[in-house]
Amino acid sequence: MKLWHSPTSPYVRKVMMAAIELGLADRIESVPARTPESKIAEANPLDKIPTLETDDGQILYDSIVICEYLDSLTDKASLFPASGPKRWKTLRMHTLADGLIDAAVLRVHETRRPEEQRNAAWDERQKTKIVRGLARLEEEIAALDGPVDIVQITTACLLGFLDRRFADDDWRADHPALAEWHGKFTTRPSVTGTQPPPL
Ligand SMILES: N[C@@H](CCC(=O)N[C@@H](CS)C(=O)NCC(=O)O)C(=O)O
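These remarks concern the structure in this document. (Residues numbered from 1 in each chain as written. Predicted model: local features only at pLDDT ≥ 70, side-chain atom pairs only at ≥ 80, totals over all residues. Heavy atoms only, no water.)

Okay, the site of the ligand next. Taken together, the neighbourhood of the ligand is formed by Ser9, Tyr11, Arg34, Asp47, Lys48, Ile49, Pro50, Asp62 and Ser63. Between Arg34 and the ligand, the recorded distance is 3.3 Å, taken from a side-chain N or O atom to an oxygen atom. Residue Ile49 places a main-chain N or O atom 2.8 Å away from a nitrogen atom belonging to the ligand. For the ligand, the accessible surface in isolation is 510 Å², of which the surrounding protein chains cover 70%. (Near = heavy atom within 4 Å. Polar contact = N/O pair within 3.5 Å; in protein donor to acceptor, adjacent residues only side chain to side chain. Areas by Shrake-Rupley, 256 points an atom, 1.4 Å probe, with all protein chains shown as cover.)

As structure tokens, this is what we get:
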């Protein structure tokens, strides 16, 4: 399988963490997405990473679809409950953690604009989502217990991204349960093996 990637994308990290947890990492060839010869936009009109080309030539995106696909390839314990209320809770919490990554990425993009083009109200809106969302993850911390699943992987990607880009906001201060969970989860090889390069 071929994965268009960048080592700094939290969504690519989610896919690679899932691949490691599922024992599939050595079946994935990572190719840089942002080179003239990458042809990612021909494969995925959205021109976004992660994009996966499967061994039988299918193109898959986005990260959640790729993770479900990888999950379908192994007999290992699934990252996605198959059915019932647990499945819907897992997918909803995945979307929460993933949406918080979206908000954090939008905030990073805002900082890249020239000062006079930045929109403080828009940035505040994203920041408020992160504040509300982290509070919800703290409330629902019990959902992060148990065998590794897509919610735990995505939450670890989110918190790693906040540490990398917004360390001064110190999310740990108001979220002790989340901080404790993260401290334990980050010892996993899927986390240590997917650290982005230093800024
Ligand atoms: N919902 C998508 C988000 C992917 C995404 O936004 N990737 C960013 C990199 S971190 C990207 O490729 N952005 C390029 C663009 O938006 O044109 C996923 O989960 O895969």
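Relative to the helices and strands, Asp149 is located in the loop between helix H5 (120-139) and helix H6 (150-165). Overall, Asp149 belongs to the buried group, its relative accessible area being 7%. Considering only alpha carbons, one finds Asp149 and Phe80, 69 residues apart in sequence, at a separation of 6.3 Å. Here Asp149 is in contact with Leu79 and Thr90, once residues within four sequence places are set aside. A polar contact is formed between the side chain of Asp149 and the backbone nitrogen of Val151, at a distance of 3.1 Å. (Helix = DSSP H or I, 4+ residues; strand = E, 2+ residues; numbered from the N terminus. Buried < 20%, exposed > 50% of the residue type's maximum accessible area, 1.4 Å probe, protein only. Contact = heavy atoms within 4.5 Å.)

Okay, the sheet that holds strand S2 (residues 29-32) next. Taking strand neighbours across the sheet as the criterion, the 4 strands line up as S2-S1-S3-S4 in an open arrangement whose pairing is mixed. Each having just a single partner strand, S2 and strand S4 (59-60) make up the two edges of the open sheet. Where strand S1 (residues 2-5) meets strand S3 (residues 51-53), 3 bridges bridge the pair, whose relative direction is antiparallel. Residue pairing for S3: Lys2 is matched across the bridge by Glu53. Where helix H1 (residues 10-21) meets the sheet, it contacts S1 and S2, and its direction lies at approximately 150° from that of S1. (Pairing = 2+ DSSP bridges. Axes fitted to C-alpha atoms, helices over the stretch in contact; angles between N-to-C directions.)

Moving on: the pattern of salt bridges. If you walk through the whole model with that rule in mind, you get 15 salt bridges. Notably, a salt bridge pairs Lys89 with Glu140, separated by 3.9 Å at the nearest N-O pair. Residue Lys89 is located in helix H4 (residues 84-112), and its partner Glu140 is located in the loop between H5 and H6; the two are separated by 51 residues in the primary sequence. By relative accessible area, which is 39% here, Lys89 ends up partly exposed. With a relative accessible area of 15%, Glu140 lands in the buried category. Close ionic contact of Asp163 with Arg172 constitutes a salt bridge, the shortest N to O distance being 2.8 Å. Asp163 sits in the partly exposed class, given a relative accessible area of 26%. What emerges from the salt-bridge pattern is a single network uniting Lys89, Arg92 and Glu140. (Salt bridge = Lys/Arg side-chain N within 4 Å of Asp/Glu carboxyl O.)

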